[in-house]
Structures are given as structure tokens and as C-alpha cells.
Amino acid sequence: MSAHGGGHATLEYYPCRYGTSRVLFRGPRRQLDGLYFAFLGGTETYGRFIEQPFPALLEQRIKLACVNFGVVNAGVDLYLNDPGVLDLASGAAVRVVQVMGAQNLSNRFYTVHPRRNDRFLRASETLQALYPEIDFTEFHFVRHMLGRLADVSSDRFAEVQSELRMAWTSRMKQLLAQLRGDTVLLWFADHPVPSELPWRLDGDPLFVTRDMIETLRPRVSEVVEVAASGTALTEGTRGMVFGDFESCAAAELMGPLAHEEAGEALTPVLRAMVRR
């Protein structure tokens, strides 16, 4: 493998399964018969194109197994639909839950795939009535569909956003209630937690604002906010591993230096928790 993007570089993710879950997670597979930390989240937690994502860096720092339950494009629904993974996460010494976007979950407007949460399955009668001019059969991905709705009507799209935010908050409360013991809520993005709802569809976590994070604060042990530094962002794809046809996807993600910053922010928090 290459530590530089482009060409024919490929990264071995050592896909593996845990327990009764049907989901393939990033390996190598960790042993769960001792003390371990569990990491739940989306593309950043999984570490797409990253040789050493922040869970792996933390394992080196803390010297305890860090199990990466992150999934590319995961939403909250993936975990709520997978009781096997929730049981394994509940058995960890500490759980780190990355803030995932509000778009990749089923709600009263549309349904997503239970495991591939970025896949759009169907629009409800409510959404079809709200947007009668849209042919929803042409959409396969949630973000594509939402972009079209925003272009057609910003006023009606505000209703969709409001529903997604409410569904996300409710679903996150449900998830955190099922994760027993110390849990850290992690914001890891290329920007700070916004105070107001952004009207853009690029970037993640989509549609999540500070008031939504604060609503969850009483339900977790700690909230850790990591906004990648300017230095990390200017690195671009330096140090990432990807092939020729993956360059655009890699350019949208944070690189190794941002993962180093996330690892640095989480290290003292997790060390303090395991000592209690």
C-alpha cells in the first residue's frame, strides 16, 4: 500500500464481523474478552482512506483495545437496527459516539436502507404531497434527493429539515439510552459546531446544530468537540491512500493530521474514565 494518494494505491481495511451483526466493520478484528473501548460513528470513525484513523491512534496511546464499529455513511438508524452491536458496545469500558448527520435516518418523510443509511428507499405519502412535482423514483441516494428538494422550494425544504432535526434528536436519545455506562459524544468535523442551521448540503454532520448537541449533554459523560485545524485542512489528501477513481471522494474527507488532532483531544478524556 502507498501512503500517498493517487495511482493504483489501495488500503486494506481487513473487514470483519462481530457477534451477530450482519455489518462488516473495519479490522483487524479485536478481541472482546477483556477491557476495550467501542467507537460508533460514520465515515470519519471508520477512517476511509486513512491508514491510522483516530480509534487506532488511541489504541496506541492508551494501550487498550479500541474496537472500530464505524461504518461509511452511517446514520443513527444503523445502530438502532443492530442490537448485536449495541450489546457489544454496552460491554465496553467506554463508548465514543461520533455525531452523525441527521439526513441518513428514516423519518415521516422518507425511508432509508437499514444498514446503508445513505441509500434512499422511498418517499412517504406526506413528502409526496409536500412535493407533488417531484418524481421520487429517480433518487437512489439521500443527499441527491435532499439537494433537489432544496432547489425546488426553500420554504418547503425547511419543513423537511425541521423533521430531520427532531427525528435525529429523538433517535440519538434512544441510542444513548441503550448504551449503558460511560459514553463520550464526539463532534469531529472540518468546522465547529454551528449555532444556527446552515443552508448548505455539503459537509457533515448535516443539519446538526449546537442546541441539538446541548440537548444530549445530560445523557453522556463527556462531549468532545474537534474541529480540524486550518493546518490539518490545508494538508488536503496528503497521507491518504486512494486510487485514481477515488480522488474526489478523498478530497471531501479530513486527512491523517485531523485524525491526530481527534486522538489528542480524546486521549486525556478516555484515560481519566478508565482510571475511575
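This text gives an overview of the structure that appears in the document. (Residues numbered from 1 in each chain as written. Predicted model: local features only at pLDDT ≥ 70, side-chain atom pairs only at ≥ 80, totals over all residues. Heavy atoms only, no water.)

So, about the overall build of the protein. Secondary structure assignment for the protein yields eleven helices and seven strands. Relative to the globule expectation of 19 Å for 276 residues, the C-alpha radius of gyration of the protein, 18 Å, shows essentially globular dimensions. Each of the three principal axes of the protein carries a C-alpha extent, and together these read 55 × 45 × 35 Å. Here the protein, with 276 residues, has 50% of them falling under the buried criterion. (Helix = DSSP H or I, 4+ residues; strand = E, 2+ residues; numbered from the N terminus. Rg over C-alpha atoms; globule rule 2.2 N^0.38 Å. Buried < 20%, exposed > 50% of the residue type's maximum accessible area, 1.4 Å probe, protein only.)

Burial runs high along helix H4 (residues 83-90): six of the eight residues are buried. The set of residues buried in H4 consists of Gly84, Val85, Leu86, Leu88, Ala89 and Ser90. Buried-residue contacts for H4 involve strand S1 (36-40), helix H3 (76-80), strand S3 (94-98) and helix H7 (154-178). (Contact = heavy atoms within 4.5 Å.)

We now examine the environment of Thr267. Along the polypeptide, Thr267 turns up in helix H11 (residues 256-275). A relative accessible area of 4% means that Thr267 is categorised as buried. Taking the C-alpha atoms as reference, Thr267 lies 9.4 Å from Leu57; in sequence the two are 210 residues apart. Discounting chain neighbours no more than four positions away, the residues touching Thr267 are Leu58, Arg61 and Ile62.

The next subject is helix H6 (residues 142-152). Among all positions in H6, only Val142, Met145, Leu146, Gly147 and Leu149 are buried. Among the structural elements, strand S4 (110-112), strand S5 (120-123), helix H5 (125-130) and H7 are those in contact with the buried residues of H6.

Keep in mind that these numbers describe shape and distance, not what the molecule does.
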